[in-house]
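Listed below, chain by chain, are the residues.
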Amino acid sequence: MEVGFLGLGIMGKAMSINLLKNGFKVTVWNRTLSKCDEVVAHGASVGATPAEVVKKCKITIAILSDPAAALSVVFDKDGVLEQICNGKGYIDMSTVDSQTSCKISEAITSKGGHFLEAPVSGSKQPAETGQLIILAAGDKALYEEAVPAFNVLGKKSFFLGQTGNGAKMKLVVNMILGSVMNAFSEGLVLAERSGLNPHDLLDVLDLGGIANPMFRGKGPAMLRDNHLPAFPLKHQQKDMRLALALGDENGVSMPVAAAANEAFKKARSMGLGDLDFSAVLETVKLLKQSS
Ligand SMILES: NC(=O)C1=CN([C@@H]2O[C@H](COP(=O)(O)OP(=O)(O)OC[C@H]3O[C@@H](n4cnc5c(N)ncnc54)[C@H](OP(=O)(O)O)[C@@H]3O)[C@@H](O)[C@H]2O)C=CC1
Ligand SMILES: O=CC(=O)O
């Protein structure tokens, strides 16, 4: 199967290489052209614009940073909309809000194309190893057509119904993720400042009822102040912001998520946005030192 792939950031690079390794023909596009080189070395072709990729491929996948990027690649000059037509499918795997997803869906379907949103849960390593969790919604026939690709990219795909449901599910999951990361960061600093060995805390957590892969995977690196980006903090803050808006729309009070969002905003203002979202730990250290 030949697929187009738009966006070769942390996730897109890993996912497109995975498709190539599993026998898919892939034509890629990235705003910054040099990021195509590594994927081309794995056998990809390059399209000059999103429109050119869509013209060439029956199905085009995108994974872009945020709503503005997702909209730009579809609606701007040389964008997806210029070539989408009857018989072609567009799958947006970016984490965006349901309004953005619905706007893209309406534009694609008004040109006769098929649209599926399919944001993913799981980070750089699951993207590299094909262990993502795919949260799809929209065109069911396109979902069925994409299952062979989803089986390469992920360990499980969900079809969640109408467009918007995938985006909402992803935002709920990441609202919880970001809130937990803040509580974890506070715990690490509290353990250390109160005279405990934070490595002992990691061992205790790992044996108990709240043991999880995030504490196990990121904890030791966080204690070394290593925040090499797997999931950039600026994207986690975007997800908190969008999840809080979803809370507003539905009258759900989310004081924990609101506090977590403030901490991520603080981290961004400290210049930590391109580091891993675990760098929110640095805001906790800062607050304790200044008190
Ligand atoms: N990293 C992770 O662990 C996970 C990320 N996600 C989500 O996946 C998406 C991508 O994340 P990730 O790969 O980490 O992000 P990166 O920041 O690594 O990559 C972002 C991509 O979006 C492109 N882009 C940004 N703005 C524009 C624009 N205006 N026009 C065209 N292209 C643009 C970038 O192009 P360029 O190279 O030119 O900057 C790049 O290809 C985000 O929505 C994120 O929330 C979901 C699950 C896990
Ligand atoms: O969106 C981030 C993730 O780890 O999932």
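Residues numbered from 1 in each chain as written. Chains lettered and ligands numbered in written order. Predicted model: local features only at pLDDT ≥ 70, side-chain atom pairs only at ≥ 80, totals over all residues. Heavy atoms only, no water.

Caption draft 1: Expanded view of the site of ligand 1. Near ligand 1, the surroundings consist of 26 residues, among which Asn-30, Thr-32, Lys-35, Ser-123 and Lys-238 are the closest. Within the contact set of ligand 1, an oxygen atom lies 2.5 Å away from a side-chain nitrogen or oxygen of Thr-32. Protein chains bury 89% of the 910 Å² of accessible surface belonging to ligand 1 in isolation. Those elements giving two or more residues to the shell around ligand 1 turn out to be α1 (10-21), α4 (67-75) and α11 (233-249). The residue makeup of the shell around ligand 1, split by class, is 12 nonpolar, 9 polar and 5 charged. (Near = heavy atom within 4 Å. Polar contact = N/O pair within 3.5 Å; in protein donor to acceptor, adjacent residues only side chain to side chain. Areas by Shrake-Rupley, 256 points an atom, 1.4 Å probe, with all protein chains shown as cover. Helix = DSSP H or I, 4+ residues; strand = E, 2+ residues; numbered from the N terminus. Nonpolar A, V, L, I, M, F, W, Y, C, P; charged D, E, K, R; others polar.)

Caption draft 2: Region of interest: the pattern of salt bridges. Going through the model one piece at a time under the given rule, you end up with 13 salt bridges. When the shortest N-O distance is used, the salt bridge between Lys-13 and Glu-38 registers 2.9 Å. Of the two residues, Lys-13 sits in helix α1 while Glu-38 sits in helix α2 (residues 37-41), which places them 25 residues apart along the sequence. We classify Lys-13 as partly exposed; its relative accessible area is 30%. Its relative accessible area of 39% is what places Glu-38 among the partly exposed residues. (Salt bridge = Lys/Arg side-chain N within 4 Å of Asp/Glu carboxyl O. Buried < 20%, exposed > 50% of the residue type's maximum accessible area, 1.4 Å probe, protein only.)

Caption draft 3: Seen up close, the packing of aromatic side chains. A complete count under the given rule lists 5 aromatic pairs for this structure. Seen in terms of ring centroids, Tyr-90 and Phe-115 are 6.3 Å apart; in terms of plane orientation they differ by 35°. Their pairing is tilted. Of this pair, Tyr-90 sits in strand β5 (residues 89-92) while Phe-115 sits in strand β6 (residues 114-117), placing them 25 residues apart in sequence. We classify Tyr-90 as buried; its relative accessible area is 0%. Ring geometry for Phe-184 against Phe-215: centres 4.2 Å apart, planes inclined by 15°, an arrangement best described as stacked. Pair noted here: Phe-184 is in helix α8 (residues 165-193) and Phe-215 is in helix α10 (residues 213-223), with a separation of 31 residues, a long-range link. Accessibility classification places Phe-184 together with Phe-215 in one group, the buried group. The positively charged end of Lys-103 is found above the aromatic ring belonging to Phe-75, 5.6 Å away from the centroid. Sitting over the face of the ring of Phe-158, Lys-156 holds its NZ or CZ atom 5.3 Å from the ring centroid. (Phe/Tyr/Trp six-rings, centres within 6.5 Å; stacked < 30°, edge-to-face > 60°. Lys NZ or Arg CZ within 6 Å of the ring centre and 35° of its normal.)

Caption draft 4: Broad picture of a nonpolar patch on the surface. A cluster of nonpolar side chains, Leu-33, Val-40 and Val-46, forms an exposed patch at the surface whose accessible area comes to about 240 Å². Examined against the element boundaries, Leu-33 turns out to sit in the loop between β2 (25-29) and α2. (Patch = residues over 30% accessible without salt bridge, like charges linked within 9 Å, V, L, I, M, F, W, Y side chains within 5 Å.)

Caption draft 5: The arrangement of the UniProt feature "domain: 3-hydroxyisobutyrate dehydrogenase-like NAD-binding" (unreviewed entry) in the protein chain in detail. UniProt's entry tags residues 164-282 with the feature "domain: 3-hydroxyisobutyrate dehydrogenase-like NAD-binding" (unreviewed entry), counted in the numbering of this structure. Within residues 164-282, the helical portion is 71% and the strand portion 0%, while the C-alpha atoms at the span's ends are 34 Å from each other. (UniProt positions renumbered as here; feature names shortened; annotations may be inferred.)

Caption draft 6: Region of the structure containing the site of ligand 2. Close to ligand 2 lie Ser-121, Gly-122, Ser-123, Lys-170, Asn-174 and Phe-231, which account for all nearby residues. Between ligand 2 and Gly-122 there is a distance of 2.8 Å, counted from an oxygen atom to a backbone nitrogen or oxygen. The separation between an oxygen atom of ligand 2 and a polar side-chain atom of Asn-174 is 2.8 Å. For ligand 2, whose accessible area on its own is 190 Å², the fraction buried by protein is 87%.

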